Amino acid sequence: MNARARSDAEETRVLVVEDDRGIAESLVRGLRQAGYGVEGVRTGRAALSAPTPDVVLLDLGLPDIDGVEVCRRLRARSDTAIIAVTARGEEADRVVALDEGADDYLVKPFGLAELLARIRAVLRRRRPAEPELLRHGPLTLDLRTRQVAVEGRAVALTPKEFAILECLAADPGRVVSRQQILERAWDAHWYGPTKVLDVHVAALRRKLRAPGLVETVYGQGFRLGPVRSSSAGEGADAATPPRDSGQDPGAVEGSRERS
């Protein structure tokens, strides 16, 4: 599982409804190892009284209430994702479960990798695709469309410039080392000169026209700093370099070009 998928898993709550203790323990253990928040119950009544999770893994052969009825009641009160997990493999059983509100159907036995893939799939269908935005003061990055704006002004960046800015905007204020930026924007095995980063940072500053936004932290790397209005930088401040902690040569060059 990649870092992004694991991050999503850590925010997802799964309810395992399974009366077989051995199967339930195996499912709970595997899902927790994958990073999910998991609660296990053994009856339909317990499932219906539990807090609404993001995903329900529902055994259809429960001892107190038929699993299809539990599925129907869960669907009537919420839009949580429901995956029917059962030994019933006949087509008619699958059709009934799906018609009563299940989003997917898994026949025992099955592998953990397939279960995790199906959970990710139902979550993608349930969660609307929204633009992923990063904001810092007047700066906005849309990670889906790869668009950047400063105070509503569109800024056209090259792919490398966007990758650098995305790396910094993911955690404004945190210092990101040169090596981390090179690995993110270029390649994990980059062995070229680091001066190429200074050239791109200078171009990025020039295009953003936001004094002090991209700061150099001498001997450590770069970060997003406090932001001043670009209109304020068009006066006396525009003739001076951004107030970085250790100005890099590329930033000085970019400042001179603005004056």
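Residues numbered from 1 in each chain as written. Predicted model: local features only at pLDDT ≥ 70, side-chain atom pairs only at ≥ 80, totals over all residues. Heavy atoms only, no water.

## Observations regarding empty space enclosed by the protein
Note the cut-off: Definitions used throughout: a 1 Å grid over protein atoms alone; a cavity as a set of points that fits a 1.4 Å probe which cannot get out; a pocket as an open set with protein on both sides within 12 Å along at least five of seven lines; a lining residue as one with an atom within 4 Å of a point. Grid points are joined across faces, edges and corners, and a volume is the space filled by probe spheres set on the points. Each residue receives one of three labels: charged for Asp, Glu, Lys and Arg, nonpolar for Ala, Val, Leu, Ile, Met, Phe, Trp, Tyr, Cys and Pro, and polar for the others, Gly being one of them.
A complete count under the given rule lists two cavities of 30 Å³ or more for this structure. Approximately 30 Å³ is the volume attributed to the second largest cavity. Around the second largest cavity, the lining residues are Ala-47, Ala-50, Pro-51, Thr-52, Pro-53, Leu-74, Arg-77, Ser-78 and Thr-80. In terms of residue class, the lining of the second largest cavity is built from five nonpolar, three polar and one charged.

## Observations regarding the sheet that holds strand β10 (residues 176-177)
Our working rule: For two strands to pair, DSSP has to find at least two bridges joining them. Runs of H or I in DSSP of at least four residues are treated as helices and runs of E of at least two as strands, each being numbered from the N terminus. Any pair of residues with heavy atoms lying within 4.5 Å of one another is described as a contacting pair. Helix axes are fitted only over the stretch in contact, all axes being lines through C-alpha atoms; the angle between N-to-C directions runs from 0 to 180 degrees.
With antiparallel pairing, three strands are arranged side by side in an open sheet as β10-β12-β11. Whereas interior strands pair on both sides, the edge strands pair on one side only; in this sheet they are β10 and β11 (214-217). Across two bridges, β10 lies against strand β12 (residues 221-224) in antiparallel orientation. Paired with Val-176 across the strands is Phe-222, a residue of β12. Packed onto the sheet, helix α7 (residues 159-169) meets β10, β11 and β12 and runs at close to 70 degrees relative to β12. Where helix α9 (residues 195-208) meets the sheet, it contacts β11 and β12, and its direction lies at approximately 145 degrees from that of β11.

## Notes on helix α6 (residues 112-126)
Basically, it comes down to this: A helix is expected to reach a length of 1.5 Å times the quantity of its residues less one. Partly exposed describes any residue whose relative accessible area lies between the buried limit of under 20% and the exposed limit of over 50%, with all areas from a 1.4 Å probe on protein chains only and scaled to the type maximum.
In this model α6 runs 21 Å from its N-terminal to its C-terminal C-alpha over 15 residues, within 8% of the 21 Å that 1.5 Å per residue would give. Within the span of α6, buried status applies to Leu-115, Leu-116, Ile-119, Ala-121, Val-122 and Leu-123. On its buried side, α6 packs onto α2 (21-33), β3 (55-58), β4 (81-86) and β5 (104-107).

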